Amino acid sequence: MAFEGLAERLQGTIQRIKGKGKVSEADVKEMMKEVRFALIEADVNLKVVKEFVKKVSERAVGVDVMKSLTPGQQVIKIVKDELTQLMGGEQSSIQFASKPPTIIMMVGLQGAGKTTTTGKLANIIRKKYNRNPLLVAADIYRPAAIQQLETIGKQLSLPVFSMGIDVSPVEIVRQALEKAKEDHNDVIIIDTAGRLHIDEKLMQELKDITSIKQPDEVFLVVDAMTGQDAVNVAQSFNETVGITGVILTKLDGDTRGGAALSIRSVAGKPIKFVGMGEKMDALESFHPERMASRILGMGDMLSLIEKAQENVDVEKAKELEEKFRTQSFTFDDFIEQMNQVKKMGPLEDIIKMLPGAGKIKGLENAKVDEKQMVRVEAIIYAMTPHEKTTPSIINSSRKKRIAKGSGTSIQDINRLLKQFEDMKKMMKQMSSNMQQQKGKKKMKMPGLDSLFK
Amino acid sequence: MSFLKKMKEKLTGTSESETVSKKFKDGLSKTRTQFTSKVNDLVAKYRKVDEDFFEELEDLLLQADVGVETVMELMDSLRFEVQRKNMKDTAGIQSVISEKLVEIYETGEEELNELLIQDNGLTVILFVGVNGVGKTTSIGKLAHRLKQQGKTVMLAAGDTFRAGAIEQLQVWGDRVGVEVIKQSEGSDPAAVMYDAVRSAKSRGVNVLICDTAGRLQNKVNLMKELQKIHKVLEREVPGAPHEVLLALDATTGQNAMIQAQAFKEATNVTGIVLTKLDGTAKGGIVLAIRNKLHIPVKFVGLGEQMDDLQPFDTEKYVYGLFAEGLEQEEGNDFKN
Ligand SMILES: Nc1nc2c(ncn2[C@@H]2O[C@H](COP(=O)(O)OP(=O)(O)OP(=O)(O)O)[C@@H](O)[C@H]2O)c(=O)[nH]1
Ligand SMILES: Nc1nc2c(ncn2[C@@H]2O[C@H](COP(=O)(O)OP(=O)(O)OP(=O)(O)O)[C@@H](O)[C@H]2O)c(=O)[nH]1
Ligand SMILES: [Mg+2]
Ligand SMILES: [Mg+2]
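Each value, and the rule that gives it
Residues numbered from 1 in each chain as written. Chains lettered and ligands numbered in written order. Predicted model: local features only at pLDDT ≥ 70, side-chain atom pairs only at ≥ 80, totals over all residues. Heavy atoms only, no water. Axes fitted to C-alpha atoms, helices over the stretch in contact; angles between N-to-C directions. Helix = DSSP H or I, 4+ residues; strand = E, 2+ residues; numbered from the N terminus. Left-handed = near helix turned anticlockwise from the far one by under 90°. Contact = heavy atoms within 4.5 Å. Nonpolar A, V, L, I, M, F, W, Y, C, P; charged D, E, K, R; others polar. Near = heavy atom within 4 Å. Polar contact = N/O pair within 3.5 Å; in protein donor to acceptor, adjacent residues only side chain to side chain. Areas by Shrake-Rupley, 256 points an atom, 1.4 Å probe, with all protein chains shown as cover. Buried < 20%, exposed > 50% of the residue type's maximum accessible area, 1.4 Å probe, protein only. Pairing = 2+ DSSP bridges. Salt bridge = Lys/Arg side-chain N within 4 Å of Asp/Glu carboxyl O.

S.K.: I'd love a proper account of the packing of helix α11 (residues 255-267) of chain B against helix α12 (residues 285-293) of chain B, names of residues and values included.
M.R.: Residues and elements named next belong to chain B. Running from N to C, α11 and α12 cross one another at 40 degrees; their axes reach a closest spacing of 9 Å. For the crossing formed where α11 meets α12, the hand is right-handed. Every residue of α12 that contacts α11 at A256, M257, A260, Q261 and K264 is listed here: I285, A288, I289, K292 and L293. A breakdown of the residues in the contact of α11 with α12 according to their chemical character gives 7 nonpolar, 1 polar and 2 charged.

S.K.: Before we move on, could you go through the site of ligand 1 and cite the residues and values that matter?
M.R.: Residue and element names in this part refer to chain A. Near ligand 1 you find 24 residues, and of these G113, K114, T115, T116 and R142 are the closest. Here an oxygen atom of ligand 1 sits 2.6 Å away from a polar atom, N or O, in the side chain of R142. Taking K250, its main chain carries an N or O atom lying 3.0 Å from an oxygen atom of ligand 1. For ligand 1, whose accessible area on its own is 650 Å², the fraction buried by protein is 97%. Examining the composition of the shell around ligand 1, we find that 4 residues originate from one element, helix α5 (residues 114-129), more than from any other. Grouping the amino acids of the shell around ligand 1 by side-chain chemistry returns 4 nonpolar, 12 polar and 8 charged.

S.K.: Which residues make up the pairing of strand β5 (residues 243-249) of chain B, and what are the values?
M.R.: All names here are of chain B. With 7 of 7 residues buried, β5 lies mostly within the body of the structure. Both faces of β5 are covered, namely the face carrying E243, L245, A247 and D249 and the face carrying V244, L246 and L248. Two elements, strand β1 (residues 123-128) and β5, share 4 bridges in a ladder whose sense is parallel. Residue pairing across strands places I125 opposite E243, the latter belonging to β5. Two elements, β5 and strand β6 (residues 271-275), share 5 bridges in a ladder whose sense is parallel.

S.K.: Quick one: what's the story with the interface of chain B and chain A, residue by residue and with numbers?
M.R.: Counting residues at the interface gives 43 residues for chain B and 39 residues for chain A. Across the contact surface, chain B and chain A share 3 salt bridges. Among the ionic pairs, R36(A) bridges to D59(B), the shortest N-O distance being 3.7 Å. Connecting chain B to chain A are 17 residue pairs in polar contact (both at pLDDT 80 or more).

S.K.: Could you give an account of unusual backbone geometry, naming the residues involved and the relevant values?
M.R.: The amide bond that connects P100(A) to the next residue, P101(A), takes the cis arrangement and shows omega of 5 degrees. Here P101(A) lies in the loop between α4 (71-86) and β1 (102-107). Going from A240(B) to P241(B), the amide bond is cis rather than trans, its omega being -10 degrees. Relative to the helices and strands, P241(B) is located in the loop between α10 (220-236) and β5. Here the phi dihedral of N130(A) falls at roughly 60 degrees; this positive angle occurs in a residue that is not glycine. Here N130(A) falls in the exposed class, since its relative accessible area comes to 69%. Unusually for a residue other than glycine, A144(A) sits at a positive phi of about 65 degrees. In this structure, A144(A) sits in the loop between β2 (133-138) and α6 (145-156).

S.K.: How would you explain the site of ligand 2 if you had to name every residue and give the values?
M.R.: If you check the shell around ligand 2, you find 24 residues, and the closest are K135(B), T136(B), T137(B), R162(B) and E304(B). A distance of 3.4 Å separates a nitrogen atom of ligand 2 from a polar side-chain atom of Q110(A). For ligand 2, an oxygen atom lies 2.9 Å from a polar atom in the backbone of G132(B). Contact with the protein chains removes 96% of the 650 Å² of surface that ligand 2 exposes when unbound. For the shell around ligand 2, the element with the most residues is helix α7 (residues 135-148) of chain B, which contributes 4 residues. Taken together, the residues of the shell around ligand 2 sort by class into 4 nonpolar, 12 polar and 8 charged.

Here it is in structure tokens:
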């Protein structure tokens, strides 16, 4: 049961608005309801969603949606822009101390990925920044937490400082600082035990560690699958320990990752890295725009919309739509449409960008025959203006002439004529279907219809 | 069957639902009474059953990760019932709410909270789940629980991948006082299982609990590996694995549904262990999982210690879904 993305959710409303030609405040309100549900299903916290929707509605009502390709897509774009902006810029820099050693402390709930990320981070710090990190095993509670970090240290050939489980974490960190000085480690990364944000005793322990020497970075490590509770976690950790950044783990899964937005809006701290796997090299920088698309469940839909907006003449697209509806679509329009689509780039690429396209069997290998398109063009150019608008007059002698003029065969022409008729029928069916199911959101290929007209 | 369909059936009084209703009344145990009285308190804060009331309830459930679809179904059925009975004030609605909330979980299905422990011969329990949810810890706790019940238990260290995983299980084995069958890091988990089953049989233990590495459900190869493990157990012991327990982190949001679906497909999950309920997250998605996939929650994890595992109690759980939230909201803008 995959959850519907925003584009799918908005289909119903979009279809109706198209028919009406004017977007009312009520329409925006209805679309915002879908935006709200899409975000909740993506695990964005409800309160954050409410604030967000309020902000976006204001923008959506004011915008000149009718000038845009389609109003629905414009709304999606506003939502995504706003999301991207909220999530902050791309930031994967680490704040190093002006005077070494730099202290980095990892904090978070149980099982979030702190220990694993400690290793990954150390790996980056050594490779990318050419520094010499020391890993500190300050989790004395979880069974075999120290062995886990030591194994990771061994894998990376990096030193791990540990004192067993009978010394307090505060003392361990104190001595680790000494050790770092001795061994000339310019960065120390402290792996702390997972703890609940409501566990006062253990939250105090974190404070005590920071009071030895204030860390340069305190990274809150959060599981990307986290639900509504992410706000409480981020808020508590931020208030008690003062986090400087966030690392979102397990993003190699198929979660929408709405927690990213929740955390960002309550803590206001940048998301610096994302965990993309269990291996030591699976730590990447955070891309707010990608995250926004992911939360909205849109694949690369947005880049497709942008492409369409750059290349498709809005007025022409509207004319074409009108022609479909009134059945006055001609071969001239056919050519026009082909050209519009061609401007957007190779068809294979366009198909790949459609959400859900990956799930359609066989489509991943779909090859569009560009030669065939050239042939079709040639045939149409060989027609007289009258033939283009009224293909029914094309009899066998006209076919012979067109074949000769276009360098194709009678069969090619027959095929195209049949395709054209089929297409008209399909369009007729589609538009009547759309009328029928207005308000419903059960389009098979969301967005496809509006993109290719 | 969908919750709503069940509800309608119940309201029109078909036989299956009559037993539900009867069971509901018969089962008005002490916890149920406590639960209902708490709902009473809660509802007493309102004079009227109006849209504000429904909206607040809806928000609380959404914030407990119950999920849009389930919440909407629930609200629909509540509104329907309120209208049908023409309830204007809050008197009487308490029982409706508690009934509906419990029913959305139980939907008339048999109580399956108990583990299927064989009377004779070896019982094999397989733990599965995504990374870091609490599989290994829950195994430690369950081993302790079973041991206290007089069973002999053995553990299989089937996570040969994650750093320190074998050592972690070994610490739990030592704590609880049960044997751990293990091989070296990096060895084939299916081979570990084979070994473990053989040892369990020859030692004549009652229960073998198998740990596996955490894996995200969208990793095809890792899910295949899990199926292979499952197959080995199936082949070596008739009827095994007798229980496949999916560990779910209560902090997880809507992705838990996809987890449950994928792991059910791969290994025929028989129950859920809902971990980390001692935090502030509610894991409300288990309502939808039970409703759509019919997987019951068997245990809840309430901490990191040996005895922090409890059998699942529907009423207690369902009340917890919104009660605390309601109390928190109180004094804010909740009432008006
Ligand atoms: N797939 C995937 N797994 C991850 C990622 N980060 C961590 N993990 C896994 O998540 C699990 C928990 O990771 P740990 O590093 O032990 O988590 P922790 O926060 O240190 O846990 P505690 O110390 O018990 O609080 C392990 O199985 C890791 O391999 C990630 O980005 N992707
Ligand atoms: N507060 C709390 N912590 C828990 C609970 N169950 C497990 N944990 C903690 O969660 C963290 C991860 O638990 P593990 O048992 O290692 O999880 P796992 O699923 O085996 O992890 P991987 O094998 O890495 O996939 C540890 O720090 C546990 O102590 C619980 O019920 N409550
Ligand atoms: Mg750890
Ligand atoms: Mg484990």
